[in-house]
Amino acid sequence: MDSDDSRRRSEEGRDQSHDGRDETPEARADRKWGDLIQEVRVAQTGVQILFGFLLTVAFTPLFHQLGHADKAIYVCTVVLGSATTGALVAPVSFHRLLAGRHIKPTAVAWASRLTVVGLVLLLATMTSSLILVLRVASHGGYWPWLVALVVAWYLVCWFALPLWVRHWHTDKQRR
């Protein structure tokens, strides 16, 4: 593509993003929005199932036999689950309340940030849930090690590996 073609495409409102796509900012926002919603659907389903289950625990007969510390962990877990649900449902609200305002790129950016916050809160919710269940279910002092291993696995899968791949491919593209 010569410089005249590049200039013409820029003048037409199209640009070549760093990923090699030739699309308008609006088309890019539409594509990113669709991708984001598909990702959020996966996380939302899991969070909603976990949160629903957590809400029922307080109404079981065994709940009242829990010690003060375990009840405090439970309350913390429910609050984290609620906050996680809020962050992961927020993109839907952004879309609905901002639709037709011609600010989709901004809405996508904010929805994306809230999704990352939701993933961090999901990590905290899962950690808290594991602590509660493993404290109650195990009769040894090994539960902190199990929780640490699972949390490390989440961190690798959800954050370290994607960031490493992003870094590796970014460096590769610079060469």
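Before reading further, recall that the structure is shown in the block above.
Because the structure is predicted, anything quoted here is derived from the model rather than measured. (Residues numbered from 1 in each chain as written. Predicted model: local features only at pLDDT ≥ 70, side-chain atom pairs only at ≥ 80, totals over all residues. Heavy atoms only, no water.)

1. Re helix α3 (residues 68–98)
Applicable threshold: Under the DSSP-based scheme used, a helix requires at least four consecutive residues in state H or I and a strand at least two consecutive residues in state E, with every element numbered from the N terminus. One less than the residue count of a helix, multiplied by 1.5 Å, gives the span that helix is expected to have. Bend angle per residue: angle between axes fitted to the 7 residues ending at that residue and the 7 residues starting there.
Taking 1.5 Å as the rise per residue, α3 with 31 residues should run 45 Å; its terminal C-alpha atoms sit 44 Å apart, in good agreement. Taking the largest bend as the criterion, α3 deviates by roughly 35°, centred on Val89, and proline Pro91 comes between one and four positions later.

2. With respect to the packing of aromatic side chains
How we decide: The rule is short: rings of Phe, Tyr and Trp, with Trp giving its six-membered ring, pair when the centres are within 6.5 Å, and they are stacked under 30 degrees, edge-to-face over 60, tilted in between. Partly exposed residues are those whose accessible area sits between 20% and 50% of the maximum for their type, while under 20% is buried and over 50% is exposed, using a 1.4 Å probe and protein chains only. Any Lys NZ or Arg CZ that is within 6 Å of a ring centre and within 35 degrees of that ring's normal is treated as a charge sitting over the ring.
Enumeration according to the criterion identifies two aromatic pairs in this entry. Aromatic pair Phe63 and Tyr74: ring centres 5.0 Å apart, planes at 65°, arrangement edge-to-face. With Phe63 in the loop between α2 (25–57) and α3 and Tyr74 in helix α3, this residue pair connects regions lying eleven residues apart in the sequence. In terms of burial, Phe63 and Tyr74 fall into one category: buried. If you follow Arg113 out to its NZ or CZ, it ends over the ring of Trp110, 4.9 Å from the centre.

3. Structural notes on the pattern of salt bridges
Operational definition: A pair is scored as a salt bridge if a Lys or Arg side-chain nitrogen falls within 4 Å of a carboxyl oxygen belonging to Asp or Glu.
Enumeration according to the criterion identifies four salt bridges in this entry. The shortest N-O distance in the salt bridge between Arg31 and Glu23 comes to 2.6 Å. For the salt bridge of Lys104 with Asp30, the shortest nitrogen-to-oxygen distance reads 2.8 Å. Taken together, the positions of Lys104 in helix α4 (residues 104–137) and Asp30 in helix α2 put the pair 74 residues apart, joining distant regions of the chain. Residues participating in the shared-partner salt-bridge network are Glu23, Arg28 and Arg31.

4. Things to note about the environment of Trp33
Within the fold, Trp33 resides in helix α2. Residues Trp33 and Val108 lie 75 residues apart in sequence; the distance between their C-alpha atoms is 5.9 Å.

5. Topic: the packing of α2 against α4
Applied cut-off: To obtain an axis, a line is fitted to C-alpha atoms, over the contacting stretch when the element is a helix, and the angle between two such axes runs from 0 to 180 degrees between their N-to-C directions. Orientation is classified from the angle alone, with under 35 degrees giving roughly parallel, over 145 giving roughly antiparallel, 65 to 115 giving roughly perpendicular, and any other angle giving oblique. Note: crossing handedness is left-handed where the near helix turns anticlockwise from the far helix by less than a right angle, and right-handed where it turns clockwise. Contact criterion: two residues are considered in contact whenever any of their non-hydrogen atoms come within 4.5 Å of each other.
The contact between α2 and α4 brings their axes to 10 Å, and the two run at 25°. Put simply, α2 runs roughly parallel to α4. Judged by the sense of rotation from one axis to the other, the crossing of α2 with α4 is left-handed. Contact with α2, carried on its side by Pro25, Ala29, Asp30, Lys32, Trp33, Leu36, Val40, Val47, Leu50 and Leu54, involves Lys104, Pro105, Ala107, Val108, Ala111, Ser112, Thr115, Leu122, Thr125, Met126 and Ser129 of α4 and no other residues of that element.

6. Observations concerning the packing of α2 against α3
Heads up, the rule is: Residues were grouped as follows: Ala, Val, Leu, Ile, Met, Phe, Trp, Tyr, Cys and Pro as nonpolar; Asp, Glu, Lys and Arg as charged; and all remaining residues, including Gly, as polar.
Taken N-terminus to C-terminus, the directions of α2 and α3 make an angle of 150°; their axes are 9 Å apart at the nearest point. When the interaxial angle is binned, α2 and α3 end up roughly antiparallel. The element α2 and its partner α3 pack so that their crossing is left-handed. Between α2 and α3, the residues in contact are Trp33, Ile37, Val40, Ala43, Gln44, Val47, Gln48, Phe51, Leu54, Leu55 and Val57 and Tyr74, Thr77, Val78, Gly81, Ser82, Thr84, Thr85, Leu88, Val89, Pro91, Val92 and His95, respectively. Split by residue class, the contact of α2 with α3 holds 15 nonpolar, eight polar and no charged.

7. What about the environment of Phe63?
When its relative accessible area of 11% is taken as the criterion, Phe63 is described as buried. Taking the C-alpha atoms as reference, Phe63 lies 9.6 Å from Tyr74; in sequence the two are eleven residues apart. In this structure, Phe63 is in contact with Val57, Ala58, Lys71 and Tyr74, ignoring residues within four places of it in sequence.

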